[in-house]
Amino acid sequence: MSTEVLIGEVRRQLREGGLRGCVLVRDLHSGDEVGIDADTALPSASLVKVPLALATAERVRRGELDGAATLDVRPGRSTAPGPTGLTRFRHPARIAVDDLLYLSTCLSDERAADALFELTPPAQVNAILREFGVRGISVRHTVDELSDTPVERFGTGQAHLAHALAIDAGTSGRGHRVPQLDTTRANTGSARAWVDLLAALWAPVAIPAPTAESVRGLMLHNVLRQRLTPDFASDATTWWSKTGTLLNLRHEIGVVEHADGGAFAVAVLTESLVPAASQPGADALMGQAARTLRDHLRQL
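Residues numbered from 1 in each chain as written. Predicted model: local features only at pLDDT ≥ 70, side-chain atom pairs only at ≥ 80, totals over all residues. Heavy atoms only, no water.

With an unreviewed UniProt entry as reference, the protein chain is termed Serine hydrolase, source organism Streptomyces zhihengii.

Below, the structure is given as C-alpha cells:
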C-alpha cells in the first residue's frame with residue numbers, strides 16, 4: 001500500500017471512531033516519517049510534564065536545584081475520578097524534588113507537577129526549551145489550571161455535558177470558550193514538535209546527556225499504559241511514554257526501541273467527537289493508528 005493510501009485509510013478509521021487525529025511517527029535513525037496533520041497545534045494537557053521534567057532535571061544538573069531537597073507540599077484532596085498521587089492526598093507531605101519528578105512524570109500527579117512549577121515557572125521552562133533549540137511547544141500555565149474545567153462544575157453523572165461543551169464550543173481558528181482548550185491561551189504543541197523533543201532527548205546534542213538520560217528514565221517508568229502501550233510493548237521492544245488527557249483530548253507521545261536496533265518516535269494527539277468520559281475504544285484506536293504507521297515505516 002502506498003503511503004498516501006495508507007494515510008487516507010488511517011484517517012478514515014480515526015474519523016469513523018469519533019476521533020480527529022494529529023499523528024507523526026519518525027524513524028530516529030533515518031529521519032523518515034509519516035503522519036497526519038502533524039503540524040496542527042493542540043492543547044498539551046499532561047504532556048506538558050515532559051518539558052517540565054526536562055527543565056527541572058537540567059536545573060538540578062546545573063546545581064540551581066538540589067534533587068534531594070525536600071518541599072512541604074499541600075494535598076490536592078481531589079475527589080474527582082482520575083487524579084493520582086499527591087493530588088488525592090488528604091494531608092500535607094514532605095517530598096524530595098527528585099521524587100516529585102517521579103510522581104509528576106510517571107504518575108502524572110498534578111499536585112507534584114505544580115510543586116515543580118513553583119520552582120521553575122512556565123516562562124522559565126519555555127526559556128530552557130528555546131535554549132535547547134526545541135520549537136513549537138508553548139508552556140503558558142501551571143497544571144493546576146487543568147483541574148478547573150467544566151467536568152468539575154457539573155454534577156456526578158453529567159460528565160457527558162462537559163464533553164459536549166468541549167466538542168461544540170470551539171472556533172474555526174482553534175479558539176475555545178473553555179480556556180484550557182483555547183490554543184492561544186493553553187499549553188500547546190503539535191505532533192511534530194513533540195516528536196522533535198523526543199528526538200532531541202534520544203540523540204542529545206544541545207540537551208546535556210545526563211539531563212536527557214534523566215528524562216528518558218522517567219518516561220520508561222510511566223505507569224499509565226492503557227493507550228499506546230498495548231501496541232508497542234513486547235519482549236522484543238522497550239516503550240518510553242507520557243500520556244495527556246483533558247476533557248475530549250487524548251494524547252500520548254513515546255519512543256519504541258526494537259531488539260534489532262530500530263527506534264521510532266511516536267506522537268498521537270486526538271480530539272474526540274463523542275461526548276463521553278470513558279472511551280476505551282478511542283485509546284485502542286489511537287494505538288492501532290500509531291502501530292500501522294510505524295509498521296509502514298519499518299517496511300520502507
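Next comes the rest of the account.
Let's talk about the pattern of salt bridges
Tallying each qualifying case throughout the model produces 20 salt bridges. A salt bridge links Arg59 to Glu64; the nearest nitrogen and oxygen atoms lie 2.9 Å apart. According to the relative accessible area criterion, Glu64 is partly exposed, its value standing at 42%. Between Arg227 and Asp283 there is a salt bridge, with its nearest N and O atoms 2.8 Å apart. Residue Arg227 is located in the loop between helix H9 (209–220) and helix H10 (229–232), and its partner Asp283 is located in helix H11 (residues 280–299); the two are separated by 56 residues in the primary sequence. For the pair shown, Arg227 and Asp283 are each scored as buried. (Salt bridge = Lys/Arg side-chain N within 4 Å of Asp/Glu carboxyl O. Buried < 20%, exposed > 50% of the residue type's maximum accessible area, 1.4 Å probe, protein only. Helix = DSSP H or I, 4+ residues; strand = E, 2+ residues; numbered from the N terminus.)

As for the packing of helix H8 (residues 191–202) against H9
For the pair H8 and H9, the least separation of the axes is 8 Å and the interaxial angle reads 115°. Of H9, the residues touching H8 (which contributes Leu198, Leu201 and Trp202) are Ala212, Val215, Arg216 and Met219. Considered class by class, the residues forming the contact of H8 with H9 number six nonpolar, no polar and one charged. (Axes fitted to C-alpha atoms, helices over the stretch in contact; angles between N-to-C directions. Contact = heavy atoms within 4.5 Å. Nonpolar A, V, L, I, M, F, W, Y, C, P; charged D, E, K, R; others polar.)

Describing H8
Structural remark: α-helix, 3.6 residues per turn; residues separated by three or four positions point the same way. With twelve residues, H8 should cover 16 Å at 1.5 Å per step; its first-to-last C-alpha distance of 17 Å lies within 8% of that length. Three or more residues of H8 are buried, namely Ala191, Ala193, Trp194, Val195, Leu197, Leu198, Leu201 and Trp202. (Expected span 1.5 Å × (residues − 1).)

Considering the sheet that holds strand E8 (residues 237–246)
Taken together, five strands build an open sheet; the order of strands is E2-E1-E10-E9-E8 and the sheet is antiparallel. This sheet does not close on itself; its edge strands, each paired only once, are strand E2 (33–36) and E8. Geometrically, the sheet is characterised by an average inter-axis angle of 10° between neighbouring strands, direction not taken into account. Sheet analysis places strand E1 (residues 19–27) next to strand E10 (residues 263–272), joined by nine bridges and oriented antiparallel. Looking at the pairing, Leu24 lines up with Ala267 of E10. In the packing of helix H1 (residues 3–16) onto the sheet, contacts are made with E1 and E2, and the angle to E2 comes to roughly 35°. (Pairing = 2+ DSSP bridges.)

Focus: the sheet that holds strand E7 (residues 188–190)
With respect to topology, three strands assemble into an open sheet ordered E3-E7-E6, the strand pairing being antiparallel. Both edges of this open sheet fall to strand E3 (41–43) and strand E6 (137–138), since each of them pairs with a single strand only. Pairing of E3 with E7, which is carried by three bridges, proceeds in the antiparallel orientation. Paired with Ala41 across the strands is Ser190, a residue of E7.

Focus on the nonpolar core
If you look at the biggest cluster of nonpolar residues, it comprises 54 residues, and the most contacted ones within it are Leu54, Leu86, Leu100, Ile137, Trp194, Leu197 and Leu201. No other element matches the eight residues that H8 contributes to this core. Discounting residues that sit within four places of it in the chain, Leu54 has contacts with Leu129, Phe132, Leu197, Leu201, Ile207, Thr211 and Val215. One finds Leu6, Ile7, Val23 and Val34 within the second-largest nonpolar core, a separate group that totals 23 residues. (Core = buried A, V, L, I, M, F, W, Y, C linked by side-chain atoms within 4.5 Å.)

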